[in-house]
Amino acid sequence: MEDTETLLALVCSLLTVPKPELDVLLDALLSRDGDVHAAAKLLNSGDKTRSKPASSVSKRKDRSVGLQGWLNAGNSKVETTVSDSPPRKKRDVKESSLSPVKAIIKDTTIRSGSPIKPKVDLMSVLRQPPSSTRSVPRLLPLTLTNPSMVAQHTPCTMHLSILPPELACKLFYTMLDLSQSWKRNKWWLFDRVVESPHRTSFYARKTDGVESDNSWQEAAQYWYNGRQTNPPEVFPDVMEEACVYVENMVNKEMQKRHRLPLEWAGRGAEGQIWRANVAASNCYEGTKDSVGFHSDHLTYLGPYPTIASLSLGTTRIFRLREVVPSEDIHSRTAQTFNIPLPHNSLVIMHASTQEKFKHSIPPQSTLDLYRPLFPHHSRPEHPSEPSNCRINITFRFYRPDFKPPSIPRCNCGVPTILRPDMKNRHDGQTDKYWWTCYAGAQKEGKGCSFWRVMDMKAEGRGPTISDVGSNER
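Residues numbered from 1 in each chain as written. Predicted model: local features only at pLDDT ≥ 70, side-chain atom pairs only at ≥ 80, totals over all residues. Heavy atoms only, no water.

In the nomenclature of an unreviewed UniProt entry, the protein chain corresponds to Fe2OG dioxygenase domain-containing protein from the organism Suillus luteus UH-Slu-Lm8-n1.

Rendered as structure tokens:
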């Protein structure tokens, strides 16, 4: 919004007649609802009946017009009321024109029987018209405190006390001990090396859970952030035990849900819909350890994966934020959900979560220490100690049709990563994915421009739900 002084200067710059007095300028501007060009046209036309105050009864040469001169228009007598302001002495024109005053106008005419005009807010008259682009109001974060709220608002399900209490405590101690040797991931970003603010490691089962092939470990030369790594460690025995409970819950939930076309339609070695054959483990220690918003790479998971995230230790916030499609950005904004994850809770990110949402573990200003119910299994004589650590184990199913040898390589000679087209997703039937170079994450930020749309049939992948029909849904 332009201030009054600026509007007056603009009117004067458009005049082709001698500059009139301030009260005439203000009157013309007000009579044209703050339109600079219309006010200048009125003054240039020489129409004195509307551009001059017609109160010829008083020909006073009073220059301290202020609002009084501004408001004298036509044959009307105008009373002005300034909220909470005492009577003021007359001031010169320059001072009054620089003083921003919010006035309420009460306009009555001299002629009897004329209706009383409604009150007008001067600032609304002089305010610029609103932008044609409608701003979409931002939505406040919504905290989902129980499983029913999580299921209502997200494509996830939450399950409390998923493991027997003693097993959950034993797994926490085991992973906490192992986490002392875990590393912080490093990669290149904007010409510098950045480090993840939490420690992480990777584990795999002895077989892929589908073909019962013990060569799984040798074949799985995993790549992370564009860098080839050694074969991962095997599930510790206590993780293997816990994984049985997780698999049972995931398969139970998946049987209740509508399956999407590009989900894997095969079965595990024991007939399961879903089998956990790998696990990414993370340790968040203290209030500052965190991870920013991201969606998981689908390189070995394939489209519409199901990921089961087990939380052990201190409670941390799991944050979900929808990625609004391009076609909806002018009609709605993204909603953020905060889900507190207590010890021994499981969040299942069902199919479409990675395509529609990004997730994070934000830093927190304070933490409630986790107090184990049982002592450390290797030190039963010592009482349990409180901990500020959260151990997170995300059990995943690496699909047989997305084995490492089948992943396209970019011009750098490095395996590409698979990403969903989150901004232009559709109905679950025609969503698109692409293979893209990710070598720059490890090669001093230098990658190539390789990019290719994934074609399931041309690449020989499947079977998928769309291949086997509705019987598997």
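Next, the rest of the story.
Engineer: Is there a simple way to explain the overall build of the protein chain in this structure?
Structural biologist: Scanning the protein chain from N- to C-terminus turns up 13 helices and 22 strands. Across the 473 residues of the protein chain, 46% fall into the buried class. Residue pairs at least 24 apart in sequence account for 72% of intrachain contacts in the protein chain once pairs closer than 6 positions are excluded. Of the roughly 25,500 Å² that the protein chain leaves accessible, carbon and sulfur atoms contribute 51%. (Helix = DSSP H or I, 4+ residues; strand = E, 2+ residues; numbered from the N terminus. Buried < 20%, exposed > 50% of the residue type's maximum accessible area, 1.4 Å probe, protein only. Contact = heavy atoms within 4.5 Å. Areas by Shrake-Rupley, 256 points an atom, 1.4 Å probe, with all protein chains shown as cover.)

Engineer: Just checking my understanding: could you explain the environment of His382 for this structure?
Structural biologist: Tracing the backbone shows His382 in the loop between strand 18 (357-361) and strand 19 (389-396). Of note is the side chain of His382, whose polar atom sits 3.1 Å from the side chain of Glu381. (Polar contact = N/O pair within 3.5 Å; in protein donor to acceptor, adjacent residues only side chain to side chain.)

Engineer: What is the right way to read the nonpolar core from this model?
Structural biologist: Nonpolar side chains in soluble globular proteins generally cluster together in the buried interior. Within the largest apolar cluster, 39 residues are counted, with the highest numbers of intra-cluster contacts made by Leu171, Met239, Ile391, Ile393 and Phe395. Listed by contribution, the elements that provide at least two residues to this core are helix 9 (165-178), helix 11 (237-254), strand 12 (278-285), strand 14 (307-313), strand 17 (345-349) and strand 19. Residues contacting Phe395, with those up to four places away along its chain left out, are Phe235, Met239, Cys243, Val246, Trp274, Ala276, Val278, Ala279, Ile307, Ala308 and Leu310. Counting residues in hydrophobic clusters, the runner-up holds 38 residues, among them Leu262, Ile307, Phe337 and Trp435. (Core = buried A, V, L, I, M, F, W, Y, C linked by side-chain atoms within 4.5 Å.)

Engineer: What is the right way to look at a positive patch on the surface in this model?
Structural biologist: Among the surface-exposed residues, Arg138, Arg321, Lys358 and Lys423 lie close enough to one another that they form a single positively charged patch. Mapped onto the elements, Arg138 comes out in the loop between helix 7 (122-126) and strand 4 (142-143). Here Arg138 falls in the exposed class, since its relative accessible area comes to 77%. (Patch = residues over 30% accessible without salt bridge, like charges linked within 9 Å, V, L, I, M, F, W, Y side chains within 5 Å. Salt bridge = Lys/Arg side-chain N within 4 Å of Asp/Glu carboxyl O. Lys, Arg positive; Asp, Glu negative; His and termini not counted. Charge placed at Lys NZ, Arg CZ, Asp CG, Glu CD.)

Engineer: How should the pairing of strand 17 be read in this particular structure?
Structural biologist: In regular strands, side chains alternate between the two faces of the sheet. Among the 5 residues that make up strand 17, 5 are buried, leaving the element largely enclosed by the rest of the structure. Side chains Ser345, Val347 and Met349 of strand 17 all project onto a buried face; the interleaved residues Leu346 and Ile348 project onto the opposite face, where all are buried too. Note that strand 5 (residues 156-160) and strand 17 share 5 bridges and pair antiparallel. Counterpart to Leu160 in the pairing with strand 17 is Ser345. Two elements, strand 14 and strand 17, share 5 bridges in a ladder whose sense is antiparallel. (Pairing = 2+ DSSP bridges.)

Engineer: Help me understand the sheet that holds strand 18, please; the structure alone is not making it clear to me.
Structural biologist: Each strand in a sheet pairs with another by means of backbone hydrogen bonds, the pair being arranged parallel or else antiparallel. Strand order in the open sheet made by the 5 strands is 4-16-15-18-13, with mixed pairing throughout. Unpaired on one side and paired on the other, strand 4 and strand 13 (291-294) mark the two borders of the sheet.

Engineer: It is not clear to me how the packing of helix 9 against helix 11 should be interpreted in this structure. Could you clarify?
Structural biologist: How two helices sit against one another is set out by the angle between their axes and by the gap between those axes. In the contact formed by helix 9 and helix 11, the axes pass within 10 Å of each other and the chain directions differ by 135°. Compared by their axis directions, helix 9 and helix 11 come out oblique. As helix 9 runs across helix 11, the sense of the crossing is left-handed. Across the interface between the two elements, Leu167, Lys170, Leu171, Thr174 and Met175 from helix 9 touch Val238, Met239, Glu241, Ala242 and Tyr245 from helix 11. Looking at side-chain class alone, the contact of helix 9 with helix 11 contains 7 nonpolar, 1 polar and 2 charged residues. (Axes fitted to C-alpha atoms, helices over the stretch in contact; angles between N-to-C directions. Parallel < 35°, antiparallel > 145°, perpendicular 65-115°, else oblique. Left-handed = near helix turned anticlockwise from the far one by under 90°. Nonpolar A, V, L, I, M, F, W, Y, C, P; charged D, E, K, R; others polar.)

Engineer: How should the pairing of strand 16 (residues 336-341) be read in this particular structure?
Structural biologist: Judged by how many residues are buried, strand 16 sits mostly within the fold: 5 of 6 residues are covered. Of the strand pairs in this sheet, strand 4 and strand 16 are connected by 2 bridges, and their pairing is parallel. Counted as the bridge partner of Leu142 is Phe337 from strand 16. Across 6 bridges, the pairing between strand 15 (residues 316-322) and strand 16 is antiparallel. In the strand pairing of strand 16, Leu320 is matched with Phe337.

Engineer: Please clarify how the environment of Ala439 should be interpreted in this entry.
Structural biologist: Within the fold, Ala439 resides in the loop between strand 21 (433-436) and strand 22 (451-453). On the basis of relative accessible area, Ala439 is assigned to the buried category, the value being 0%. Sequence separation between Ala439 and Cys412 is 27 residues, and the spatial gap between their C-alpha atoms is 6.9 Å. Those residues within four positions of Ala439 in sequence are excluded, and the remaining contacts are Cys412, Val414 and Lys446.

Engineer: Can you walk me through empty space enclosed by the protein in this structure?
Structural biologist: Here the idea is plain: a probe the size of a water molecule rolls over the atoms and shows the empty space left. According to the stated counting rule, one finds 2 cavities of 30 Å³ or more in the structure shown. Space inside the largest cavity adds up to approximately 130 Å³. Taken together, 13 residues line the largest cavity, and the ones lying closest to its centre are Trp264, Trp274, Tyr304, Thr306 and Phe397. In terms of residue class, the lining of the largest cavity is made up of 9 nonpolar, 1 polar and 3 charged. (1 Å grid on protein atoms, 1.4 Å probe; cavity = no way out; pocket = protein on both sides within 12 Å on 5 of 7 lines; lining within 4 Å. Points joined across faces, edges and corners; volume = space filled by probe spheres on them.)

Engineer: Please clarify how the sheet that holds strand 19 should be interpreted in this entry.
Structural biologist: Spatially, 7 strands are ordered 5-17-14-19-12-8-11 in an open sheet, and the strand pairing comes out mixed. Edge strands, defined here as strands with exactly one partner in the open sheet, are strand 5 and strand 11 (233-234). Across 6 bridges, strand 8 (residues 199-204) lies against strand 12 in antiparallel orientation. Opposite Ser201, over in strand 12, you have Ser281 as the bridge partner. With respect to the sheet, helix 9 is in contact with strand 8, strand 12, strand 14 and strand 19, its orientation differing from that of strand 19 by roughly 100°. Relative to the sheet, helix 11 contacts strand 5, strand 8, strand 12, strand 14, strand 17 and strand 19, its axis offset from that of strand 17 by approximately 50°.

Engineer: Is there a simple way to think about the packing of aromatic side chains in this case?
Structural biologist: Aromatic rings in a pair are described by how distant their centres are and how their planes are angled relative to each other. On inspection of all chains with the given rule, the structure shows 10 aromatic pairs. Centroid distance Trp264 to Phe397: 5.1 Å. Interplanar angle 50°. Geometry classified as tilted. Taken together, the positions of Trp264 in the loop between helix 11 and strand 12 and Phe397 in the loop between strand 19 and strand 20 (417-420) put the pair 133 residues apart, joining distant regions of the chain. The buried category is assigned to Trp264, whose relative accessible area is 9%. On the basis of relative accessible area, Phe397 is assigned to the buried category, the value being 6%. Judged by centre distance (6.1 Å) and plane angle (90°), the ring pair of Tyr304 and Tyr433 falls under edge-to-face. Here Tyr433 lies in strand 21 and Tyr304 lies in the loop between strand 13 and strand 14, a separation of 129 residues in the sequence. (Phe/Tyr/Trp six-rings, centres within 6.5 Å; stacked < 30°, edge-to-face > 60°.)

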